[in-house]
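# Structural features, examined
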Amino acid sequence: MLTGNKVSASVRARDALPSPIRKLTPLADRALADGVSILHLNIGQPDLAAPDALIEGIQQYESRILPYAPSQGVAGTVRAWQRYYQQVGVHYDVSQILVTSGGSEALLFALMAVADPGDEVICFEPTYANYFGFAVMTSVRIVPVPLDPGNGYHLPPAEEIERRITPRTRAILFCSPGNPTGAVFSYDELNVISDIAARHNLFVISDETYREIVFEGPRDMSMAKVEPTADQTIIVDSVSKRFSATGARIGCLATRHQGVLDGIHRFAQARLSAPTVEQRAVIPLLEEPRAYTDPLAEIYRSRRDVVYSELERIPGAFVRKPEGAFYIFAVLPIDDGDRFASWLLTDFRLDGETLMISPGDGFYLTPGLGTSEVRFAYVLEDNALRRGMRILREALAVYPGRTEE
Ligand SMILES: Cc1ncc(COP(=O)(O)O)c(C=O)c1O
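Take the side chain of threonine 354 next. By the secondary structure assignment, threonine 354 is in strand β10 (residues 353–356). Ignoring any residue separated from it by four or fewer positions in sequence, one finds threonine 354 in contact with Val36, Ser37, Ile38, Leu39, Leu344, Leu345, Phe348, Arg349 and Ile391.

Here it is as structure tokens:
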């Protein structure tokens, strides 16, 4: 007997949006089945080898018992994060650090610890699209502040942010270096955020997943160094991108705010623990991060230069040079990024190859924004990127939804 149709899923379950990065996968699968090869510039999955120490640490796990880790994290891993932050120039007590299952869990915990259902969190758009998903899961309302492609997706004037603050606003959430923009906020910009947070008693949730992947400025920036609001700041961190180790699922949350700490330690007890073997295996990376991350940032800088210089030459495209992370967000002469990204997979081939990219609108919450933007993740080697940009140029020349000139 069918009973399933009498019960309905939660509003949250119904409101959850598909990832803009993954929703074109069925079209890509069909192209693959037709023998087309696809250059994947759609997803932030690094193609680079993880550090040897990490792989060896996983392979050399010595026991037949695979236990839970302590809910705060393996003691050695918590201390390794503490020493990692010391190298960044920030002191956290051991009790102020929680090891999480990726930055993703840290983000969920941060939102749950600062906001109740119906509360608001200010966010800049375009932004990391999963923030929208986490907001749905926690019943938090994201209030977006649009960024301007014309100034490289840097902060708008403080008034633009402040006028969106209501009695329900609890925090400002952002990532720098930014996904999908590649913008790195300067300390002047971080101070603007800090001033607003101080004046309106808001938390600051600073997602520093890409901290070391910076091309022009320092590779040790942190909102935790912005003193006036350091005690109401929550740092979200991750080994995923800086150590090319997305599958390790190890991240971290660090804060000096006692109420938040009390809450997140209890949340952590409820979810038991982050992965045990991987936590232990990341310790050597956290002890000496720059040995891996400095060469890594140089590789991404070279890729950024390839993609940027090619995009700049495409008639009708508008692009600013990203300062960090491994994404470039470009305005293209197209009617609709979704349609263009789908068309690349269904209709366009150059020598049996096509390109998979992320439509820009999925990184915005405001309907209608981002329709002519797309995100490229430069997670392929230079020659593949050159081929990808050639495909893009030739595709734009014949795309039926091309807009200008
Ligand atoms: C800005 C940002 N924050 C957090 C994450 C989540 O990373 P993870 O859960 O793998 O640590 C990502 C992943 O793409 C990201 O781009």
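Additional details are given in the paragraphs that follow.
The next thing to look at is the pattern of salt bridges. All told, the structure shown has 27 salt bridges when counted by the stated rule. Of the charged contacts in the structure, one is a salt bridge between arginine 168 and aspartate 119, with a shortest N-O distance of 2.9 Å. Highlighted residues: arginine 168 in the loop between α7 (158–162) and β5 (169–175) and aspartate 119 in the loop between α5 (102–114) and β3 (120–125), separated in sequence by 49 residues. A relative accessible area of 39% places arginine 168 in the partly exposed class. Taking relative accessible area as the criterion, aspartate 119 reaches 8% and is therefore assigned buried.

Glancing now at helix α14 (residues 382–398). End to end, α14 covers 25 Å across 17 residues, agreeing with the expected 24 Å (1.5 Å per residue, within 8%). Within α14 the residues assigned to the buried category are Ala384, Leu385, Gly388, Met389, Ile391, Leu392, Ala395 and Leu396. With its buried residues spanning 155° around the axis, α14 presents them on a single face. Facing away from the buried side of α14, by more than 90 degrees, are the exposed residues Ala397 and Val398. On its buried side, α14 packs onto β1 (37–40), α12 (290–312), α13 (337–346), β10 and β12 (373–377).

Right, let's talk about the site of the ligand for a bit. Around the ligand, the structure places 14 residues, and the nearest of them are Gly103, Ser104, Asp207, Tyr210 and Ser238. Within the contact set of the ligand, a nitrogen atom lies 2.5 Å away from a side-chain nitrogen or oxygen of aspartate 207. Here serine 240 contributes a side-chain N or O atom positioned 2.7 Å from an oxygen atom of the ligand. Calculation on the ligand without its partners gives an accessible area of 400 Å², and the protein chains cover 94% of this total. When atom positions are compared with the pocket grids, the ligand is found to occupy the largest pocket. The residue makeup of the shell around the ligand, split by class, is four nonpolar, seven polar and three charged.

Across the interface, α5 lies against helix α9 (residues 258–270) with an axial gap of 9 Å and an inter-helix angle of 125°. When the axes of α5 and α9 are compared, the pair comes out oblique. At the point where α5 passes α9, the crossing takes the right-handed sense. From α5, Phe109, Met112, Ala113 and Val114 reach across to α9, where they touch Val260, Ile264, Phe267 and Ala268.

Our focus in this paragraph is the sheet that holds β12. If you trace the three strands from one edge of the open sheet to the other, you get β9-β12-β11, paired in antiparallel fashion. Of all strands in the sheet, those with a lone pairing partner are β9 (327–331) and β11 (358–359), marking the two edges. Of the pairings in the sheet, the one linking β9 to β12 comprises five bridges and is antiparallel in character. Residue pairing for β12: valine 331 is matched across the bridge by glutamate 373.

What follows covers the domain arrangement of the protein. Many analyses report the size of an interface as the accessible area lost when the parts associate. Here the protein is described as being made up of domain 1 (12–49 + 291–398) and domain 2 (52–288). Taking only C-alpha atoms into account, the centre of domain 1 sits 25 Å from that of domain 2. Counting residues at the interface gives 39 residues for domain 1 and 39 residues for domain 2. Roughly 3300 Å² is buried in total at the junction of domain 1 and domain 2, and carbon and sulfur atoms are behind 58% of that figure.

Sheet topology places β3 next to strand β4 (residues 141–146); six bridges connect them, and they run parallel. Pairing of glutamate 120 across the sheet is with arginine 141, part of β4. The parallel pair β3 and β4, bridged by helix α6 (residues 130–138), forms a crossover whose chirality is right-handed.

About the criteria used
Residues numbered from 1 in each chain as written. Predicted model: local features only at pLDDT ≥ 70, side-chain atom pairs only at ≥ 80, totals over all residues. Heavy atoms only, no water. Helix = DSSP H or I, 4+ residues; strand = E, 2+ residues; numbered from the N terminus. Contact = heavy atoms within 4.5 Å. Salt bridge = Lys/Arg side-chain N within 4 Å of Asp/Glu carboxyl O. Buried < 20%, exposed > 50% of the residue type's maximum accessible area, 1.4 Å probe, protein only. Expected span 1.5 Å × (residues − 1). Arc of directions from axis to C-beta. Near = heavy atom within 4 Å. Polar contact = N/O pair within 3.5 Å; in protein donor to acceptor, adjacent residues only side chain to side chain. Areas by Shrake-Rupley, 256 points an atom, 1.4 Å probe, with all protein chains shown as cover. 1 Å grid on protein atoms, 1.4 Å probe; cavity = no way out; pocket = protein on both sides within 12 Å on 5 of 7 lines; lining within 4 Å. Sits in = over half its atoms within 2 Å of the grid points. Nonpolar A, V, L, I, M, F, W, Y, C, P; charged D, E, K, R; others polar. Axes fitted to C-alpha atoms, helices over the stretch in contact; angles between N-to-C directions. Parallel < 35°, antiparallel > 145°, perpendicular 65-115°, else oblique. Left-handed = near helix turned anticlockwise from the far one by under 90°. Pairing = 2+ DSSP bridges. Domains from an automatic or database assignment. Buried area = accessible area lost by both parts, 1.4 Å probe. Right-handed = clockwise from strand over helix to strand, strands pointing away.

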